[in-house]
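Single-letter residue listing:
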Amino acid sequence: MIDLKNYAETNCGIAIDIGTSTVKAYLSKKETPLQNQNFSIEKNIINEIEEKNAQYLYGDNVISRVMYAHYNGITKLQEAITFQIASLIKRLNPKEEPFPIVITGNSVMLSILEGLSLESFEKSPFKSPSLFGYYAKIPEFSKNQPIYLPPAFSAFLGSDILCAGLYADYFIKMQSSKMESQFPFLVVDIGTNGEILLWKENDIIGTSCAAGPAFEGKNLSRKITGSMAIKYLSNMISDETIDKTGLILHQNSKFPLNQEDIRQLQLAKAAIRGGIETLISETKLNINEIKTCFICGNFGNALEEKDLLKIGLLPKEFAGKIQYLGNAAGYGACLFLENINREYQQDFIKCAKKIATQTKILELGGNPLFNKNYLSNIDF
């Protein structure tokens, strides 16, 4: 049992978001909207550090790391991330004050952090060895500090998308004087594994869809970022360099994408769009009823609305409804920092756990409606 009393009165805390590609760490003031009407997560962040995830030596994506663990064990993966986090914490808190720590990430990243077996991620039915939502002790850097791991939804809907959803909900509440009711809204993390939440006022449905590595610039013919690839693709559509099927009609030296690059990007955008449309259909909503589509994550925030709409990754009905939340997973983790032994945040943690357990998870594998939406969104 971790004694939280010593941490209730500290002024700061550390929130860490373990992304597959990068790790972000924040030193933030502990404060809640109840204590300060001008409360702002971004303004409360005193310092932040971003580094490439040290596990890249063992694979550049989730699946490759799961397979590395299958053949070589999890020790090196765990050591890489624990040593990295220990270094980040030392840099943010050199005096080793008793700051609480919140660590979020997808289910694979948190499982590696805890040294849990990744075997259940290898084949269907995919399951996470833990759905977290508890305090953990990690000897490499905890020094008896309380480390909270927010709850996850499932194997491929981790605590990172939960934190992003909580931050989106907080963002709406903080804007309530300026905005009418924003329910229902979408939270979309665009990446190799697209994570999507459709958040209605009283219930939530979520899904994940495998988009492949094209959005991260992997497996493309040129060394360009995924965001630049999407911009090139958008311009190729506007310039009629390609037709609606993605076929290159004539070569244009301005655009370094070849036919295979375009096909990979088409399949990736169809997966995300198909997932969004399937969620909306599942809840019996009309696409026009979606009030806001929140885009989160490093990759998503590098994309422009006009390009997302032009290539059809998002439906045209979302024009003017797209908002960018930055690293919403990390900001959402900061919301937990005031959690240590205070009544408001104990309620907040209970709410987060309730959301994680009561959210409906829609599996897209073998789903005929998703297959239909996926195929219908391959063309531009």
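Refer to the preceding data block for the structure.
Structure report, in brief. (Residues numbered from 1 in each chain as written. Predicted model: local features only at pLDDT ≥ 70, side-chain atom pairs only at ≥ 80, totals over all residues. Heavy atoms only, no water.)

### Overview of the sheet that holds strand β11 (residues 322–324)
So, point 1. With mixed pairing, 6 strands are arranged side by side in an open sheet as β11-β10-β7-β8-β9-β12. The sheet is open, and its two borders are formed by β11 and β12 (360–361), each paired with just one other strand.
So, point 2. Bridge count between strand β10 (residues 292–296) and β11: 3 bridges; the pairing is parallel. When the bridges of β11 are listed, cysteine 293 appears paired with isoleucine 322.
So, point 3. Across the sheet, helix α7 (residues 259–282) lies against β7 (185–189), β8 (193–199), β9 (204–210) and β12, angled at about 155 degrees from β9, the strand it touches most. (Pairing = 2+ DSSP bridges. Helix = DSSP H or I, 4+ residues; strand = E, 2+ residues; numbered from the N terminus. Contact = heavy atoms within 4.5 Å. Axes fitted to C-alpha atoms, helices over the stretch in contact; angles between N-to-C directions.)

### Observations concerning a nonpolar patch on the surface
So, point 1. Nonpolar side chains collect at one region of the surface, where Ile63, Met67 and Tyr71 lie side by side and expose about 340 Å² of accessible area between them.
So, point 2. You can see methionine 67 is positioned in helix α2 (residues 62–72). (Patch = residues over 30% accessible without salt bridge, like charges linked within 9 Å, V, L, I, M, F, W, Y side chains within 5 Å. Areas by Shrake-Rupley, 256 points an atom, 1.4 Å probe, with all protein chains shown as cover. Salt bridge = Lys/Arg side-chain N within 4 Å of Asp/Glu carboxyl O.)

### Observations concerning the pairing of strand β2 (residues 22–29)
So, point 1. Counting buried positions along β2 gives 6 out of 8 residues, so the element sits mostly inside the fold.
So, point 2. Where strand β1 (residues 12–18) and β2 come together, 7 bridges link them in antiparallel fashion. Opposite cysteine 12, over in β2, you have lysine 29 as the bridge partner.
So, point 3. Hairpin geometry of β1 and β2 is characterised by an intervening segment of 3 residues between the two adjacent antiparallel strands.
So, point 4. Here β2 runs beside strand β3 (residues 45–52); their pairing, made up of 7 bridges, is antiparallel. In the strand pairing of β3, alanine 25 is matched with isoleucine 49. (Buried < 20%, exposed > 50% of the residue type's maximum accessible area, 1.4 Å probe, protein only.)

### Section: the pattern of salt bridges
So, point 1. Scanning the model with the defined rule gives 13 salt bridges in all.
So, point 2. Between lysine 231 and glutamate 304 there is a salt bridge, with the nearest N and O atoms lying 2.8 Å from each other. Note that lysine 231 is positioned in helix α6 (residues 226–238) and glutamate 304 in the loop between α8 (298–301) and α9 (305–310), a separation of 73 residues in sequence.
So, point 3. Between glutamate 317 and lysine 316 there is a salt bridge, with its nearest N and O atoms 3.6 Å apart.
So, point 4. Owing to a relative accessible area of 68%, lysine 316 belongs among the exposed residues under this scheme.

### Quick word on the side chain of asparagine 377
So, point 1. Relative to the helices and strands, asparagine 377 resides in the segment after α12 (368–376).
So, point 2. One polar contact links asparagine 377 to glutamate 277, side chain to side chain, over a distance of 3.2 Å.
So, point 3. Non-local contacts of asparagine 377, meaning those with residues more than four positions away in its chain, are made with Lys269, Ala270, Arg273, Gly274 and Glu277. (Polar contact = N/O pair within 3.5 Å; in protein donor to acceptor, adjacent residues only side chain to side chain.)

### Observations concerning the side chain of threonine 20
So, point 1. The residue threonine 20 is located in the loop between β1 and β2 in this model.
So, point 2. Of the polar contacts made by the side chain of threonine 20, one reaches the side chain of asparagine 106; its length is 3.2 Å.
So, point 3. With near-sequence residues (within four places) excluded, threonine 20 lies in contact with Asn53, Asp60, Asn61, Val62, Arg65, Asn106 and Met109.

### Overview of the sheet that holds strand β6 (residues 147–149)
So, point 1. Taken in spatial order, the 6 strands of this open sheet run β3-β2-β1-β4-β6-β5, and their pairing is mixed. Where the open sheet ends on each side, the last strands, each with one partner, are β3 and β5 (134–136). Each neighbouring strand pair of the sheet contributes to a mean axis angle of 25 degrees, computed without reference to strand direction.
So, point 2. Relative to β3, helix α3 (residues 75–92) is tilted by about 150 degrees, and along the sheet it contacts β1, β2, β3 and β4 (101–105).

### Here we look at the nonpolar core
So, point 1. Counting residues in each nonpolar core, the largest one holds 45 residues, and the members touching the most others are Phe215 and Phe318.
So, point 2. The set of elements that each furnish at least two residues to this core consists of β7, β8, β9, α6, α7 and β10.
So, point 3. The element best represented in this core is α7, accounting for 7 residues.
So, point 4. With sequence-adjacent residues up to four places away left out, phenylalanine 318 is seen in contact with Leu186, Ile276, Ile280, Ile287, Ile290, Cys293 and Glu305. (Core = buried A, V, L, I, M, F, W, Y, C linked by side-chain atoms within 4.5 Å.)

### A closer look at the packing of aromatic side chains
So, point 1. Taken as a whole and assessed by the stated rule, the structure comprises 17 aromatic pairs.
So, point 2. Ring centres 5.4 Å apart and planes at 25 degrees place the aromatic pair phenylalanine 215 and phenylalanine 299 in the stacked group. In this pair, phenylalanine 215 sits in the loop between β9 and α6 while phenylalanine 299 sits in helix α8, placing the two residues 84 residues apart along the sequence. Taken as a pair, phenylalanine 215 and phenylalanine 299 share a single burial class, namely buried. (Phe/Tyr/Trp six-rings, centres within 6.5 Å; stacked < 30°, edge-to-face > 60°.)

### Focus: the pairing of β8
So, point 1. In terms of residue burial, β8 counts as a mostly covered element, since 6 of its 7 residues are buried.
So, point 2. Bridge analysis of β7 against β8 gives 5 bridges, and the strand direction is antiparallel. By the bridge assignment, aspartate 189 is partnered in β8 with glutamate 195.
So, point 3. What sits between β7 and β8 in their antiparallel hairpin is a turn of 3 residues.
So, point 4. Judged from the 7 bridges that link them, β8 and β9 form a sheet pairing that is antiparallel. Within the sheet, the bridge partner assigned to glycine 194 lies in β9 and is cysteine 209.
So, point 5. Between β8 and β9, which pair antiparallel one after the other, the connecting turn spans 4 residues.

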